[in-house]
Amino acid sequence: MFEAIAFYLFAILTISMFSIAVLTSQALYALTSLAAGMIFISAFFFILGADFLGAVQIIVYTGAVLALYAFGMMFFDTTRDVVEKRTSPMLVFGMSGMAALLIVLIFAAPIVSDNIAALYPVQEGVGNAQAVGMVLFTKYLVPFEVAAVMLLVAMIGGIILAGKKMDTSLTLLDEDKSPLSVETNEKAAS
Amino acid sequence: MEIGLSHYLVLSTILFAIGLIGVMRRKNLLLLFFATEILLNSVNVAFAAISHYYGDLTGQMFAFFVIAIAASEVAVGLGLLIVWYKRTGKIDLDMMTTMRG
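Let me sum up the structure you'll find in this document. Predicted model only: the values in this text are computed from it and were never measured.

### So, the overall build of chain A
Part 1: Counting secondary structure elements, chain A contains seven helices and zero strands.
Part 2: Sequence-ordered secondary structure for chain A, helices as α and strands as β, is α-α-α-α-α-α-α.
Part 3: Counting only residues that meet the buried cut, chain A has 19% of its 190 residues in that class.
Part 4: When contacts within chain A are restricted to residue pairs at least 6 apart in sequence, long-range pairs at least 24 apart make up 44% of them.

### Quick notes on the interface of chain B and chain A
It is common to give the size of an interface as the accessible area lost on bringing the parts into contact.
Part 1: Opposite the 65 residues of chain B that make contact, chain A presents 71 residues.
Part 2: At the level of secondary structure, the elements contributing two or more residues to the side of chain B that touches chain A comprise helix H1 (5-25), helix H2 (29-53) and helix H3 (58-88) of chain B.
Part 3: Per element, the largest residue contribution to the side of chain B that touches chain A is 24 residues, and it comes from H3 of chain B.
Part 4: Taken together, the residues that form the side of chain B that touches chain A break down as 42 nonpolar, 16 polar and seven charged.

### Looking at the packing of helix H1 (residues 2-23) of chain A against H1 of chain B
Part 1: Running from amino to carboxyl end, H1 of chain A crosses H1 of chain B at an angle of 10°, the nearest separation of the two axes being 9 Å. Classified by the interaxial angle, the pair formed by H1 of chain A and H1 of chain B is roughly parallel. Contact residues: H1 of chain A offers Phe-7, Ala-11, Thr-14, Ile-15, Phe-18, Ser-19 and Val-22 of chain A, while H1 of chain B offers His-7, Leu-11, Ile-14, Leu-15, Ile-18, Ile-21 and Gly-22 of chain B.
Part 2: Here the contact of H1 of chain A with H1 of chain B is composed, by residue class, of ten nonpolar, four polar and no charged.

### Some points on H1 of chain B
Since the α-helix turns once every 3.6 residues, residues separated by three or four places project in the same direction.
Part 1: End to end, H1 of chain B covers 31 Å across 21 residues, agreeing with the expected 30 Å (1.5 Å per residue, within 8%).
Part 2: Of the positions making up H1 of chain B, those classed as buried are Tyr-8, Leu-9, Leu-11, Ser-12, Leu-15, Phe-16, Ala-17, Ile-18, Gly-19, Leu-20, Gly-22 and Val-23 of chain B.

The rules behind each value
- Residues numbered from 1 in each chain as written.
- Chains lettered and ligands numbered in written order.
- Predicted model: local features only at pLDDT ≥ 70, side-chain atom pairs only at ≥ 80, totals over all residues.
- Helix = DSSP H or I, 4+ residues; strand = E, 2+ residues; numbered from the N terminus.
- Buried ≥ 20, exposed ≤ 12 C-beta atoms within 10 Å, placed from the backbone.
- Contact = placed C-beta atoms within 7 Å.
- Nonpolar A, V, L, I, M, F, W, Y, C, P; charged D, E, K, R; others polar.
- Axes fitted to C-alpha atoms, helices over the stretch in contact; angles between N-to-C directions.
- Parallel < 35°, antiparallel > 145°, perpendicular 65-115°, else oblique.
- Expected span 1.5 Å × (residues − 1).

Okay, here's the thing in structure tokens:
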């Protein structure tokens, strides 16, 4: 009963927050409601018994990713209203068709996979963080290391792209003939 | 009333549809990134629910890797976005038509 109340409460909160994030025309409202939605998503992880995943969700998403977005928004002109996109009907048709197919697959998947067996079953007597650690550092050690290398590559790439020579923009140095970069080149030259 | 696996899958589908709506109607690239974050989060909810109801930790492992990929995607994507903004002064999708043949 308590689980049902919590599920429906957080489902309504998450759907409304993400709807605001998608439908609003103010970038700051979108960022704030996205952060709230991320925290409400972590409530589902706590309900489902995945405590470590919920903590990681709060720390990584609301702590790191959305802080990164907030820092990125300082570079952009976010005060003006966002212009909506007029998409072609072909794209809307294709993506709605894909969404409908996805819904059918989601409802068909538990019927097909009735005889599925747990590959790495949850061990008795240990907490969730301990069980996650046991599986992550034995069965999934190589993907874990690859993910660590990928995060390092992404960090170096982000620093080089965004941070180096913030005043002269090193990507514009050999782009003098590009028609896109005339104004910024004049700005940098003055 | 018992909450089953299909409740979570329906919720995940609704959130995924919200993210798809965002991808379809956004023109600002920063807000397009927000919509992709919603897509990744909805999949994470489905992974955690399946992991709980089948008693298998593999779903949570996949959710961790999805979170790691989302974090690195944000780092590289925001770097590229800042470079693009410094070059053109706009981050609208309509500006990016230079590769059109």
